[in-house]
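Residue-level listing of the chains:
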Amino acid sequence: MPPALAVDALTKDYLSPIKEPGLLGGLRALVNRRYKSSRAVDGVSFRIEEGELVGFLGANGAGKTTTLKMLSGLLTPTSGTALALGRVPWKREPEFQRRLSLVMGQRSQLWWELPAYETFRLNKEIYGLREREFRASLDELVAMLDLGEHLSVPVKKLSLGERMRAGLAAALLHRPRLLLLDEPTIGLDVVMQKKVREFVRGYNRREGAAILLTSHNMADVVELCRRVIVIERGRLLYDGPLETLVARFADHKILRARFSAPVDRARLAELGAVVDADADHATLHVPRARTAASAAALLRDFPVADLDVADVDIDDIVRRLFGAA
Amino acid sequence: MSKYLTAYSIALQETLQRRATLLMDRVGGFAVVLSLYSFWSALLGGKPSFLGYTRAQMLSYVLIINMLRSMVFTGRGWLLVGEISSGRISSYLVRPLSYHGYALSLDLAQKTVHAVSAVLEIGLLAALARGEVFVPRAASSWAAFALSAAMASLIFFFLEFAVSTLAFWTSESGGPLFCFELFLQFAAGAFFPLDVLPAALRRALEATPFPYMVYFPARLLLGQISGREAAARLAAQAGWLAVAAVLSLAVWRRGLSSYAAEGG
Amino acid sequence: MNGGFTRHARLWTRTASMSLQAQLTYRLGSAGFLLGKIVRFVFFFAFVAAVFRRTDRVAGYTLEQTALFFLTFNVVDMVAQVFFRGVYNARRVVNEGDFDFYLIQPVSPLLRMVCSSVDALDAATLVPVLALTCVLLRRLPGAGWLGAAAYAALTLNALALVFAVHVAVAALAVRTQELENAVWIYRDVMFMGRFPVDVYAFPVRLALTFAVPVAVMTSFPAKAYLGRLSPAWIAYAFALGAGATAAALAFWRSSVARYASSSS
């Protein structure tokens, strides 16, 4: 079986017209428009096997959406190759399109004035589903996404969460083998985020479909993805297990201490980096290898009332990663 | 006052900025005028006059239509509907600003550009027609026309405003607005002089404000109405203007309170 | 096209039904649009009829013959409104990203763009116009069966031309992501097709036949029926229809390719 995605040195340059200021500049641009080229995706390569669920991370403008657009066939790359389900996506062959779905956060393909069910039937025709397949798919999705009574209400009357779930159902009726999810939980409340995440995991397990997911919501990544791909300024920065990424960047542990008497801040600094301290409380970052020694020294030399040793938050790591970008 | 002047000047620049849109508007309007004139011209054939219009007067009527279309029928109704439906209107309502005044400033900016453009087009057409245009000599005709055209613009502004304001109650006010504008153009005489219509229908229309928007000012300029009758009709037009303004403000106020009641 | 005629036909039926349902939820809005179109039709018809109470020929055509031109224009124009309505939303479809969905789904994006909203209410107004046209065709002493066949064929050819125009407008929307007026300028220029092309002065007639072939879309079918169109002109019309359709489709394909290489 070919991999769900095989991406090799994928590169995309955008040409954008240079806007010259003023009326004169505008007139000059009419005659002789000048362009500047900017590289949105720069030689990205990776493979995703059938049934894998991979997180695709990067700061805003890192090239995530451009990559997803190329992989779904919306954009033609400047250079490089990609095979999605064994096909070149930007040829937009119907056989490929019938097995693909792209879900873009708040962009909905649902007809606003009509109940979602009507759009489902439209998608049945678009994907050429038989009545039986359509029914089976629909029943399953309605049950899993808890859509029951919302199907007969005009979409404009649904809440954001209901609309998002209905949109997911519309995108999955044809049981795609490759699912590209761009910010699937954006704008949802915590409970609804959890529902969507559970659904995505369930779909991945049940259908064995490959899923590539972008999100700024770290909970999505932590709960769903064992493997992550990180890009920065269009370049591949990391591709591997989430834990390794964490370990690589979490080179320190966090010591939080509460003191029974005031302590000397300068002496604390000998143990590690003091990130926060006042009269009876301090937070220190200490190198992983010296965690035990530092904790012991702290207990020995200071009037410690309470001590807590913690791992670095994954949120922090990823935020740091993006912050660096 | 200065804030409305600023709004006017910004809107003026913006209208000039969107040159492609402006050009297309003008070309489209020109096509309409050209076809009307051609039809009339074919009607006249070899005859000296038709319905009391000589060839020169008919050409003038069509050119005046072009002018009045630019001055009268260039409203912002659709934009207002959009602003109300999308809720963007709120950002204006919280400012120390009369929305009517603001909208009128923008409207006038658009009308200025279109009117100037219409004058240029008319000059070109008149030159092409080699003096076959009827040009009134009397200064009073020009003065009466200018006054009447200004009032016509304001009547249209207020009436269109009133219809667009329906958007406060329904998201579907685009439909009535569309219907209103089409009806208005016919009833005003923007496609053909109302003399064509059967007498009964014409009299019925003359009891409405619509003929005052094109037909009446055009006849003033052509010198077909003058003296006491012209004065009486101008007074009637002023009356309609007052009615339209009061109606528009009343609908606006009620709309605002219903909008506030629903919490936007 | 992505092949699969039956599937696209089913898709079209489905979209048509959804459009109708959506229109029915906007009762006031739809009623306004419908009424506006009826007003326009009735007024123009009344105008033409009123004119003929005072003359018996315009550009050599009788009332009934002129009516045939007017009705033919309406048939062509309304069919375009009913079936190619989607183009009016093209810019919004592109800007709001719906077009991205069209591109990744296994059906022709062109079909979805041009035919995505079928105006069912316009279809309702098309029926009486078609009936009226048939009645008129029977009453007019035409060029017999041959004339009728030519009329039908040229009307279809006119629809091909109108389709080409709409495809080009949709392609422009994809290519430039602005130019909202492209379709409106078409509407304005089409206005000239309400009258027989013979009313226009020679240079205008030339332009309407070759440059912006409104005459081929609206006047040619009626002229053929009345036996006033030579085979050479008929041949020209078909060649133009085929050429324009091919060119528009090529332009569409190149615009989509460009969209895929440059959109952000």
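What you are looking at is a predicted structure, and each value in this text was computed from that prediction instead of being measured.

1. So, the overall build of chain A
If you tally the helices and strands in chain A, you get 12 helices and 13 strands. In summary, chain A has a C-alpha radius of gyration of 25 Å against a globular reference of 20 Å for 325 residues, an excess of more than 25%. Along the first, second and third principal axes, the C-alpha atoms of chain A reach 75 × 60 × 45 Å. At a minimum sequence separation of 6, the contacts of chain A that also span at least 24 residues come to 70%. For chain A, the exposed surface amounts to about 15,100 Å²; the carbon and sulfur share of it is 52%. Where the 48 positive side-chain charges of chain A centre and where its 42 negative ones centre are 6 Å apart.

2. Some details on the packing of aromatic side chains
Two numbers describe a pair of aromatic rings. These are the distance of the centres and the angle of the planes. Applying the stated criterion to the full structure yields 48 aromatic pairs over all chains. An angle of 10° between the planes, with centres 4.7 Å apart, marks the rings of Phe186(B) and Phe43(C) as stacked. One end of the pair, Phe186(B), is in helix 8 (residues 174-188); the other, Phe43(C), is in helix 2 (residues 27-52), on a second chain. Per residue, the accessibility class of Phe186(B) equals that of Phe43(C), and both read buried. One Lys or Arg, Arg267(A), reaches over the ring of Phe302(A) and ends 4.9 Å from the middle of that ring. Here Arg69(B) stacks its cationic end above the ring of Phe191(B), 5.1 Å away from the centre of that ring.

3. Quick word on the interface of chain B and chain C
Listed by partner, the interface residues are 36 residues for chain B and 34 residues for chain C. A combined buried area of about 3,200 Å² lies between chain B and chain C, and 81% of that area is made up of carbon and sulfur atoms. Sorting the residues of chain B by area buried against chain C places Met24(B), Phe39(B) and Glu172(B) first, and these three jointly supply 20% of that buried surface. At the boundary of chain B and chain C, one finds 0 salt bridges. On the surface where chain B and chain C come into contact, there are 1 residue pair in polar contact (both at pLDDT 80 or more). For the side of chain B that touches chain C, the secondary-structure elements that each account for two or more residues are helix 2 (19-44) and helix 8 of chain B. The biggest single contributor to the side of chain B that touches chain C is helix 2 of chain B, with 16 residues. Residues of the side of chain B that touches chain C, tallied by class, amount to 23 nonpolar, 9 polar and 4 charged.

4. Some details on the sheet that holds strand 6 (residues 178-182) of chain A
In a beta sheet, neighbouring strands pair by backbone hydrogen bonds and run either parallel or antiparallel. All names here are of chain A. An order of 5-6-7-3-8-9 is seen for the 6 strands of this open sheet, with the pairing classed as mixed. Single-partner strands in this sheet number two, and they are strand 5 (100-104) and strand 9 (235-241). The mean angle between the axes of side-by-side strands here comes to 15°, regardless of whether they run parallel or antiparallel. Those strands touched by helix 2 (residues 64-72) are strand 3 (53-57), strand 5, strand 6, strand 7 (210-214) and strand 8 (227-232), and its axis lies near 155° from that of strand 6.

5. Comments concerning the nonpolar core
Within the largest apolar cluster, 249 residues are counted, with the highest numbers of intra-cluster contacts made by Met213(B) and Phe99(C). For this core, the leading source of residues is helix 8 (residues 144-176) of chain C, giving 15 residues. The contacts of Met213(B), once residues within four sequence positions are left out, are Leu68(B), Val72(B), Phe73(B), Ala152(B), Ile155(B), Phe156(B), Leu159(B), Leu184(B) and Ala188(B). The next biggest cluster of nonpolar side chains, apart from the first, holds 12 residues, and it includes Phe259(A), Val286(A), Leu298(A) and Phe302(A).

6. Here we look at the confidence of the model for chain A
Residue-level pLDDT values for chain A average 87, and 92% of them are 70 or greater. Per-element confidence in chain A ranges from a low mean pLDDT of 60 for helix 1 (residues 22-31) of chain A to a high of 95 for strand 4 (residues 79-84) of chain A.

7. Overview of the sheet that holds strand 2 (residues 35-48) of chain A
Residues and elements named next belong to chain A. Pairing is antiparallel across the open sheet formed by 3 strands, whose spatial order is 2-1-4. Across the chains shown, the open sheet's two edge strands, defined by having one partner strand only, are strand 2 and strand 4. Shown here is a sheet whose adjacent strand axes are inclined to one another by a mean of 30°, direction ignored. Across 10 bridges, strand 1 (residues 5-17) lies against strand 2 in antiparallel orientation. Residue Val-7 lies in a different strand from strand 2, and its bridge partner there is Phe-46. On the sheet, helix 2 packs against strand 1, strand 2 and strand 4 and is oriented at approximately 115° with respect to strand 1.

8. Re the pairing of strand 5 of chain A
Residue and element names in this part refer to chain A. Of all 5 residues in strand 5, 5 are buried, a share of seventy percent or more. Along strand 5, one buried face is formed by Leu-100, Leu-102 and Met-104 and the opposite face, lined by Ser-101 and Val-103, is buried too. Pairing analysis gives 5 bridges linking strand 5 to strand 6, with the strands arranged parallel. The partner of Val-103 across the bridge, within strand 6, is Leu-181.

9. A word on the packing of helix 4 (residues 116-126) of chain A against helix 5 (residues 131-145) of chain A
Packed helix pairs are specified by the crossing angle of their axes together with the interaxial distance, meaning the distance between the axes. Residues and elements named next belong to chain A. Between helix 4 and helix 5, the shortest axis-to-axis distance is 11 Å and the interhelical angle comes to 140°. Taken as axis vectors, helix 4 and helix 5 run oblique relative to one another. For helix 4 against helix 5, the interelement crossing comes out right-handed. For the pair helix 4 and helix 5, the contacting residues are Tyr-117, Phe-120, Arg-121 and Lys-124 in the first and Glu-131, Phe-134, Arg-135 and Leu-138 in the second.

Each value, and the rule that gives it
- Residues numbered from 1 in each chain as written.
- Chains lettered and ligands numbered in written order.
- Predicted model: local features only at pLDDT ≥ 70, side-chain atom pairs only at ≥ 80, totals over all residues.
- Heavy atoms only, no water.
- Helix = DSSP H or I, 4+ residues; strand = E, 2+ residues; numbered from the N terminus.
- Rg over C-alpha atoms; globule rule 2.2 N^0.38 Å.
- Contact = heavy atoms within 4.5 Å.
- Areas by Shrake-Rupley, 256 points an atom, 1.4 Å probe, with all protein chains shown as cover.
- Lys, Arg positive; Asp, Glu negative; His and termini not counted.
- Charge placed at Lys NZ, Arg CZ, Asp CG, Glu CD.
- Phe/Tyr/Trp six-rings, centres within 6.5 Å; stacked < 30°, edge-to-face > 60°.
- Buried < 20%, exposed > 50% of the residue type's maximum accessible area, 1.4 Å probe, protein only.
- Lys NZ or Arg CZ within 6 Å of the ring centre and 35° of its normal.
- Buried area = accessible area lost by both parts, 1.4 Å probe.
- Salt bridge = Lys/Arg side-chain N within 4 Å of Asp/Glu carboxyl O.
- Polar contact = N/O pair within 3.5 Å; in protein donor to acceptor, adjacent residues only side chain to side chain.
- Nonpolar A, V, L, I, M, F, W, Y, C, P; charged D, E, K, R; others polar.
- Pairing = 2+ DSSP bridges.
- Axes fitted to C-alpha atoms, helices over the stretch in contact; angles between N-to-C directions.
- Core = buried A, V, L, I, M, F, W, Y, C linked by side-chain atoms within 4.5 Å.
- pLDDT = per-residue confidence, 0-100.
- Parallel < 35°, antiparallel > 145°, perpendicular 65-115°, else oblique.
- Left-handed = near helix turned anticlockwise from the far one by under 90°.

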